[in-house]
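Okay, here's what each chain looks like letter by letter:
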Amino acid sequence: MPVYQAPVADTLFVLNDLLGIERHSNLAAFAETSPDIVEAVLGEAGRFAEDVFFPLNQTGDREGCHRHEDGSVTTPTGFKQAYNQFREAGWGGLSADPAYGGQGLPHTVAAAVNEYLSSANMAFAMYPGLTRGAIAALEQHGTQEQKQLYLPKMIEGIWTGTMNLTEPHCGTDLGLLRTKAAPAGDGSYRITGQKIFISAGEHDLSDNIIHLVLARIDGAPEGVKGISLFVVPKFLPDEAGAVGARNAVSCGSIEEKMGIHGNATCVMNYDGATGWLVGEADKGLRAMFTMMNEARLGVGVQGLAVSEIAYQNAVAYARERIQGRSLSGAKAPEKRADPIIVHPDIRRMLMTIRAVNEGGRALILWTALKGDLFHLSQDAKEREAADDWLGLMTPVIKGVLTDKGFDNAVMAQQVYGGHGYIAEWGMEQYVRDARIAQIYEGANGIQALDLVGRKLALNNGRAVQSFFAEVGAFCEAHRADERLSPFTKGLKKGLNDLQAATLWLMGNAMGKPDNAGAASTDYMHLFGLVALGYMWARMAKVAAEKLGDGSATDPAFLEAKLVTARFFMDRLMPETAAHLARISSGSTSMMALDAAVF
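Residues numbered from 1 in each chain as written. Predicted model: local features only at pLDDT ≥ 70, side-chain atom pairs only at ≥ 80, totals over all residues. Heavy atoms only, no water.

1. So, empty space enclosed by the protein
Across all of its chains, the model carries four cavities of 30 Å³ or more by this definition. For the largest cavity, the calculated volume is near 70 Å³. As for the largest cavity, its lining consists of Tyr-83, Phe-86, Arg-87, Gly-92, Pro-128, Thr-131, Arg-132, Ile-135, Met-154, Ile-155, Glu-156 and Gly-157. Going through the elements one at a time, helix 4 (79-89), helix 6 (122-141) and helix 7 (144-156) are the ones with two or more residues in the lining of the largest cavity. Element by element, the count of residues in the lining of the largest cavity is highest for helix 6, at four residues. For the lining of the largest cavity, a count of residues per class yields six nonpolar, three polar and three charged. Considering the residues around the second largest cavity, the lining is formed by Asn-57, Gly-60, Asp-61, Phe-79, Asn-121, Met-122, Ala-123, Ile-260, His-261, Gly-262, Gln-429 and Asp-433. (1 Å grid on protein atoms, 1.4 Å probe; cavity = no way out; pocket = protein on both sides within 12 Å on 5 of 7 lines; lining within 4 Å. Points joined across faces, edges and corners; volume = space filled by probe spheres on them. Helix = DSSP H or I, 4+ residues; strand = E, 2+ residues; numbered from the N terminus. Nonpolar A, V, L, I, M, F, W, Y, C, P; charged D, E, K, R; others polar.)

Set out below in structure tokens:
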């Protein structure tokens with residue numbers, strides 16, 4: 001049977017020692033966020049994830065969701081009771097605006113909690129996860145009346161939320177969507193069309209489901225310039241906000257899918273459903289991308305989360321499973337064989353997963369802090385820099401950490417050998433669940449194109465140049481420090497490769513756009529390695545300083561940080577050279593074959 005323990009100690013190291021979130025106590029959300037409070041919140045969140053969400057993971061996968069003849073959907077056994085516990089404990093409103101009933105803690109803390117819940121039960125965590133994205137969109141783009149009507153109940157968890165973009169004939173290319181919105185003459189619209197792949201589209205966890213739906217108002221321009229966003233509740237609220245009549249929206253079917261069986265992924269039919277415009281007409285993508293960007297960072301967390309639980313179980317198995325003898329001599333001579341954790345190739349897999357997980361956790365929380373600074377800082381320059389970082393890192397976090405998350409789940413499965421292929425051990429579920437994160441909320445190839453095609457050139461390259469300067473300055477500042485040179489040398493080499501790749505794109509992509517497309521995925525992963533390497537170099541600096549000045553309360557923890565940082569630089573960072581070589585090869589051989597030859 002699988003096991004899970006929330007990595008609270010590692011999260012606290014990142015928040016307190018790396019990020020020093022206490023330094024931001026002048027900002028509203030951080031004012032009450034002392035280290036003791038953060039530790040208490042994360043400790044309780046970890047226990048909740050372990051005790052309430054995690055026990056339902058395998059059973060939810062086996063049972064799945066069920067659609068009934070009336071179009072209603074029931075979630076797996078135990079989900080509704082667990083959701084009620086989640087709601088009553090207030091976890092859904094952890095970082096939400098206190099004006100609407102939220103607790104107002106930093107999004108940085110909520111991101112950490114989201115990791116624990118997603119590790120424990122990714123399919124279950126998606127229900128409140130989608131709601132958080134819908135809340136963000138309504139907070140930024142809804143009218144005051146919409147906020148007052150929907151946000152308190154969504155934050156409390158009595159109502160949940162979704163996002164409805166994809167249609168049978170269009171996913172990424174939303175300009176092709178056909179869902180229509182006809183003015184009803186009373187300020188509302190009648191929404192007609194079909195949406196597919198709608199996570200949490202119908203279920204029995206909440207009293208109402210608030211759908212955010214992209215549609216085209218009659219007479220609107222074709223393409224993305226004519227798309228609007230609408231709020232379409234499952235039940236129409238009355239003037240007092242109570243659940244009223246059923247709206248003309250229904251679940252046509254539940255998708256039969258590879259993983260996340262505990263989440264109801266629905267085909268949603270809108271048959272003249274009543275909806276209300278959110279934001280400006282024909283500006284729906286701008287409003288929806290508030291939710292999309294929130295979701296993409298959340299999906300990056302999912303990549304980390306599945307990788308983390310896969311790692312924990314692979315480690316537990318490797319310590320217990322005995323097979324063969326160590327190449328350097330028996331390590332457990334009293335046994336008939338040694339535990340497989342003594343074998344270098346097992347260590348290669350476990351260390352790779354560990355290095356990505358701990359670096360990824362730091363990158364996610366670093367980025368979440370930038371999000372808090374963007375929303376809360378009174379310093380215009382600080383807000384601008386935070387916004388630049390968020391825009392640049394969103395596709396990297398989504399694309400790289402979900403690719404790595406799947407790869408790591410497969411590696412963890414490999415540690416198990418044949419048992420990894422057997423359902424009762426749990427590893428094959430993590431592989432199946434991890435796979436979707438590379439696809440939804442914008443497939444990873446689209447994330448790579450977004451990075452290369454949009455984010456690099458935005459504001460004359462201000463964000464990427466700032467990143468280069470920040471990482472370069474760190475390397476230069478610690479170049480002569482013998483304790484840090486093993487980390488800064490590797491990081492500087494990776495940064496040089498990233499800058500060379502960027503220059504190559506500048507010189508070769510404008511005249512031949514296929515070069516940008518051919519390079520994009522390698523560029524995204526090259527960027528990801530440097531970003532992760534930067535996190536590792538900074539964590540190594542903290543660990544070395546605390547060990548050096550005697551302030552370490554857990555020296556073994558910090559020593560492990562230094563070893564893992566060294567492994568990252570020795571074994572993973574050199575991959576930047578391969579990415580650069582592939583980028584520099586251009587697109588000629590990739591695009592040479594005629595389509596008919598394939």
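2. Quick word on the layout of surface pockets
Of the voids in this model, the second largest pocket is the one considered here, and its volume is about 770 Å³. Looking at the second largest pocket, it is lined by 28 residues, and the ones nearest its centre are Glu-308, Tyr-311, Arg-319, Arg-354 and Glu-358. Contributions of two or more residues to the lining of the second largest pocket are made by helix 1 (8-18), helix 8 (284-320), helix 9 (344-376) and helix 16 (555-572). Element by element, the count of residues in the lining of the second largest pocket is highest for helix 9, at seven residues. Broken down by class, the residue content of the lining of the second largest pocket amounts to 16 nonpolar, four polar and eight charged.

3. Quick word on the pairing of strand 11 (residues 265-278)
Within strand 11, eleven of the 14 residues are buried, which leaves the element mostly enclosed by the surrounding structure. Here strand 5 (residues 189-199) runs beside strand 11; their pairing, made up of nine bridges, is antiparallel. Bridged to Gly-193 within strand 11 is Tyr-270. Note that strand 7 (residues 228-233) and strand 11 share three bridges and pair antiparallel. Bridging from a neighbouring strand, Phe-230 pairs with Leu-277 of strand 11. (Buried < 20%, exposed > 50% of the residue type's maximum accessible area, 1.4 Å probe, protein only. Pairing = 2+ DSSP bridges.)

4. Comments concerning unusual backbone geometry
The phi torsion of most residues other than glycine is negative, and most of the peptide bonds are trans. One non-glycine residue, Ala-200, lies in positive phi territory at about 60°. Along the chain, Ala-200 falls in the loop between strand 5 and strand 6 (208-217). We classify Ala-200 as buried; its relative accessible area is 2%. In this structure, Glu-441 is a non-glycine residue whose phi angle is positive, near 60°. Positionally, Glu-441 belongs in the loop between helix 11 (427-437) and helix 12 (444-455).

5. As for the packing of helix 14 (residues 485-508) against helix 16
Helix-helix packing: each pair is described by the crossing angle between the helix axes and the interaxial distance. Between helix 14 and helix 16, the least distance of the axes is 9 Å, while the angle of their chain directions is 30°. Judged by the inter-axis angle, helix 14 sits roughly parallel to helix 16. For the crossing formed where helix 14 meets helix 16, the hand is left-handed. Every residue of helix 16 that contacts helix 14 at Pro-486, Phe-487, Gly-490 and Leu-491 is listed here: Leu-562, Ala-565, Arg-566 and Met-569. (Axes fitted to C-alpha atoms, helices over the stretch in contact; angles between N-to-C directions. Parallel < 35°, antiparallel > 145°, perpendicular 65-115°, else oblique. Left-handed = near helix turned anticlockwise from the far one by under 90°. Contact = heavy atoms within 4.5 Å.)

6. Section: helix 16
Taking 1.5 Å of rise per residue, the 18 residues of helix 16 would be expected to cover 26 Å, and the 25 Å separating its terminal C-alpha atoms lies within 8% of that figure. Of the residues making up helix 16, those classed as buried are Leu-558, Lys-561, Leu-562, Thr-564, Ala-565, Phe-567, Phe-568, Met-569 and Leu-572. At its buried positions, helix 16 is contacted by helix 1, helix 9, helix 14, helix 15 (513-549) and helix 17 (575-584). (Expected span 1.5 Å × (residues − 1).)

7. Some remarks on the nonpolar core
With 195 residues, the main nonpolar core has Leu-42, Phe-467, Leu-491, Tyr-523 and Phe-527 as its most contacted residues. When residues of this core are assigned to their parent elements, the largest contribution, 19 residues, is made by helix 15. Look past the residues within four positions of Phe-527 in its chain and what remains in contact with it is Leu-392, Met-393, Val-396, Leu-451, Val-464, Phe-467 and Leu-498. (Core = buried A, V, L, I, M, F, W, Y, C linked by side-chain atoms within 4.5 Å.)

8. A short note on the side chain of Arg-432
The topology assignment puts Arg-432 in helix 11. Given a relative accessible area of 15%, Arg-432 falls into the buried group. Excluding its chain neighbours within four sequence positions, the residues that come into contact with Arg-432 are Asp-61, Met-258, Gly-259 and His-261.

9. Points about the packing of aromatic side chains
Enumeration over the complete set of coordinates arrives at 23 aromatic pairs. With centroids separated by 6.3 Å and ring planes inclined at 80°, the aromatic side chains of Phe-124 and Tyr-127 adopt a geometry described as edge-to-face. Of this pair, Phe-124 and Tyr-127 both sit in helix 6, three residues apart, roughly one helical turn. Across this residue pair, the class does not change: Phe-124 and Tyr-127 are buried. In this structure, Lys-370 packs its charged tip against the face of Trp-389, placed 5.3 Å from the ring centre. (Phe/Tyr/Trp six-rings, centres within 6.5 Å; stacked < 30°, edge-to-face > 60°. Lys NZ or Arg CZ within 6 Å of the ring centre and 35° of its normal.)

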